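# Remarks on the overall topology
Residues per chain are reported as follows:
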Amino acid sequence: MKLLDTHGRHINYLRLSVTDRCNLRCSYCMPEQGIEKLCHDDILTYEDLVCVARQAVAIGIEKIRITGGEPLVRRDIIRFLKELSAVPGLKQLVLTTNGLLLAEMAEDLFKAGVQRLNISLDSLKEQTFAHITRGGDVHRS
Ligand code: SF4
């Protein structure tokens, strides 16, 4: 099955946001004090998200990008990614991250089936990065 938009273009790509939380506080994205925490019942569970992914793949989605907030701060994300990468018919699982947790998680992400990463990095200049992210350390990204 092929999903087409109103201009006849093939849609095969879905972005799934798994959290609104983040370990940075970029000034263009969220308030300095962070955002009010949603309660568990107000966000989709991993089971819900896998169900959405299965349905999406069934109608033509081939590539899923995981985003947030910062997806790596959500608990048990590796377990979820393993389940997602096993969805029959999904050809590509990719993830966007700010990179802060990559040093400790990169190998597990690879083993879970993540094929590509996008790393959001606003600046390589220490002070500029700290300013934009309100205190982030570019050397950890
Ligand atoms: S790293 Fe991304 S999600 Fe986190 S505060 Fe910055 S822009 Fe927002």
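Our structure is the block above this text.
None of these values were measured; they are calculated from a predicted model. (Residues numbered from 1 in each chain as written. Predicted model: local features only at pLDDT ≥ 70, side-chain atom pairs only at ≥ 80, totals over all residues. Heavy atoms only, no water.)

### Description of the sheet that holds strand E6 (residues 116-119)
Sheets are built from strands that pair by backbone hydrogen bonding, the pairs being arranged parallel or antiparallel. Spatial strand order, E3-E4-E5-E6: four strands in an open sheet with parallel pairing. The outermost strands of the open sheet, each flanked by one partner alone, are strand E3 (13-17) and E6. Geometrically, the sheet is characterised by an average inter-axis angle of 20° between neighbouring strands, direction not taken into account. Where strand E5 (residues 92-97) and E6 come together, four bridges link them in parallel fashion. (Pairing = 2+ DSSP bridges. Helix = DSSP H or I, 4+ residues; strand = E, 2+ residues; numbered from the N terminus. Axes fitted to C-alpha atoms, helices over the stretch in contact; angles between N-to-C directions.)

### Comments concerning the site of the ligand
Every residue near the ligand is listed here: Cys 22, Leu 24, Cys 26, Tyr 28, Cys 29, Gly 69 and Asn 98. Structurally, the ligand is housed in the second largest pocket. For the shell around the ligand, the class distribution of residues is five nonpolar, two polar and no charged. (Near = heavy atom within 4 Å. 1 Å grid on protein atoms, 1.4 Å probe; cavity = no way out; pocket = protein on both sides within 12 Å on 5 of 7 lines; lining within 4 Å. Sits in = over half its atoms within 2 Å of the grid points. Nonpolar A, V, L, I, M, F, W, Y, C, P; charged D, E, K, R; others polar.)

### Overview of the pattern of salt bridges
Evaluation of the coordinates by the stated rule reveals five salt bridges. Note that Glu 62 and Lys 91 form a salt bridge whose closest N and O atoms lie 3.2 Å from each other. Highlighted residues: Glu 62 in the loop between helix H1 (46-58) and strand E4 (63-67) and Lys 91 in the loop between helix H2 (77-85) and E5, separated in sequence by 29 residues. With relative accessibility at 24%, the residue Glu 62 sits in the partly exposed group. One salt bridge connects Lys 111 with Glu 107, and the closest N-O pair in it is separated by 3.2 Å. Highlighted residues: Lys 111 and Glu 107, both in helix H3 (residues 102-112), separated by four residues, approximately one helical turn. Of the two residues examined, Lys 111 and Glu 107, each falls in the exposed class. (Salt bridge = Lys/Arg side-chain N within 4 Å of Asp/Glu carboxyl O. Buried < 20%, exposed > 50% of the residue type's maximum accessible area, 1.4 Å probe, protein only.)

### Concerning H2
Structural remark: α-helix, 3.6 residues per turn; residues separated by three or four positions point the same way. Those residues of H2 that sit buried are Ile 77, Ile 78, Phe 80, Leu 81 and Leu 84. Looking straight down H2, one finds that the buried residues subtend no more than 160° of arc, so they occupy a single side. Considering only its buried residues, H2 is in contact with H1, E4, E5 and H3. (Arc of directions from axis to C-beta. Contact = heavy atoms within 4.5 Å.)

### Quick look at the side chain of Thr 96
Relative to the helices and strands, Thr 96 resides in strand E5. You can call Thr 96 buried: its relative accessible area is 16%. Side-chain polar atoms of Thr 96 contact the side chain of Arg 65, separated by 3.1 Å. Discounting chain neighbours no more than four positions away, the residues touching Thr 96 are Arg 65, Ile 66, Thr 67, Pro 71, Asn 118 and Ser 120. (Polar contact = N/O pair within 3.5 Å; in protein donor to acceptor, adjacent residues only side chain to side chain.)

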